[in-house]
Amino acid sequence: MSKEVQESISALYTRLANKTFQEPETGNLTIPYYLYCYDAEKEYEVTEEITRLTNRLNRPDNYLDIPVVNIFQTFLAFLKKNIVGPESLYESILRLEKTAQDEARAILTEQAASEAFFAAVEKQIADYLAAPNPSSEPRAYVFITGWGQIFPYLRSSRFLNYFEKFNRSRYKLIIFYPGKVERFCKLFNLLEDQHPYRVIVL
């Protein structure tokens with residue numbers, strides 16, 4: 001594990017463990033969205049560290065029960081549940097990819113940016129937050145990963161700009177972003193993306 005990743009995640013832990021920062025209304029005057037940027041080449045290291053981070057935040061000194069949503073896996077589940085005629089949308093796209101790849105990609109892009117998918121993400125989060133909590137502490141954060149996997153069908157900027165109406169400031173959304181932010185967000189440090197202007201970089 002690289003020292004750079006360890007130090008970065010350690011700093012993130014300190015921020016998230018802060019009781020004041022755990023309040024949805026603190027730290028961001030508009031919407032509670034945050035970007036944690038990391039080097040895409042260290043994807044596997046960061047994934048392992050996210051598991052350690054959530055476990056550490058769940059210990060008795062914090063009692064934070066944090067759901068980790070992989071946006072790509074959630075998208076696959078959404079496609080499998082979406083039935084069109086005799087088959088799921090997932091099965092239909094797999095079939096199309098054999099003969100009409102452009103059409104399959106167009107459907108994937110449309111569905112990934114659809115209000116129905118965003119609603120499915122919110123439902124997954126809401127179901128988790130509504131489940132019994134073994135501690136009396138609020139569920140302050142939701143981690144979202146998988147942006148490299150869901151590319152090019154959905155960019156984090158589009159998701160955040162449209163997801164606002166689903167999140168009623170009940171939790172802080174922490175986006176683990178494989179890239180960097182300069183004037184614009186750059187996925188994989190290369191692909192320029194729209195900057196979600198109300199998002200704070202951690």
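Quantities reported herein were computed from a predicted structural model and do not represent experimental measurements.

Rules behind the numbers
Residues numbered from 1 in each chain as written. Predicted model: local features only at pLDDT ≥ 70, side-chain atom pairs only at ≥ 80, totals over all residues. Heavy atoms only, no water. Axes fitted to C-alpha atoms, helices over the stretch in contact; angles between N-to-C directions. Helix = DSSP H or I, 4+ residues; strand = E, 2+ residues; numbered from the N terminus. Parallel < 35°, antiparallel > 145°, perpendicular 65-115°, else oblique. Left-handed = near helix turned anticlockwise from the far one by under 90°. Contact = heavy atoms within 4.5 Å. Nonpolar A, V, L, I, M, F, W, Y, C, P; charged D, E, K, R; others polar. 1 Å grid on protein atoms, 1.4 Å probe; cavity = no way out; pocket = protein on both sides within 12 Å on 5 of 7 lines; lining within 4 Å. Points joined across faces, edges and corners; volume = space filled by probe spheres on them. Buried < 20%, exposed > 50% of the residue type's maximum accessible area, 1.4 Å probe, protein only. Arc of directions from axis to C-beta.

Participant: I'm lost on the packing of helix α1 (residues 3-17) against helix α2 (residues 43-57) in this one. Help?
Facilitator: The relative placement of two packed helices is expressed as an angle between their axes plus a distance between the axes. Where α1 meets α2, the closest approach of the two axes is 11 Å, and the angle between their N-to-C directions is 30°. Regarding the angle of α1 to α2, the classification is roughly parallel. By crossing handedness, the relation of α1 to α2 is classed as right-handed. Counting all contacts with α1, which are made through V5, I9, L12, Y13, L16 and A17, the residues of α2 involved are E45, V46, E49, L53, R56 and L57. For the contact of α1 with α2, the class distribution of residues is 9 nonpolar, no polar and 3 charged.

Participant: Mind showing me how you'd approach the layout of surface pockets here?
Facilitator: Empty pockets left among the atoms are what a rolling probe the size of a water molecule brings to light. Taken as a whole, the largest pocket holds about 210 Å³ of empty space. Taken together, E43, T47, I50, T51, T54, V68, N70, T145, G146, G148 and Q149 form the lining of the largest pocket. At the level of secondary structure, the elements contributing two or more residues to the lining of the largest pocket comprise α2, β2 (68-70) and α7 (147-150). The residue inventory of the lining of the largest pocket, partitioned by class, reads 2 nonpolar, 8 polar and 1 charged. Taken as a whole, the second largest pocket encloses approximately 170 Å³ of empty space. Along the walls of the second largest pocket sit T74, A77, F78, K81, A120, K123, Q124 and D127, which together make up its complete lining. Contributions of two or more residues to the lining of the second largest pocket are made by α3 (71-81) and α6 (115-130). Here the residues of the lining of the second largest pocket sort into 3 nonpolar, 2 polar and 3 charged.

Participant: Looking at this structure, how should I read helix α4 (residues 89-99)?
Facilitator: Every α-helical turn comprises 3.6 residues, leaving residues that sit three or four positions apart pointing alike. Burial in α4 covers these residues: L89, S92, I93 and L96. Buried residues of α4, seen end-on, are gathered within an arc of 95° and therefore sit on one face of the element. Looking at the buried side of α4, the elements it contacts are α3, β3 (83-84), β4 (87-88) and α5 (101-112).

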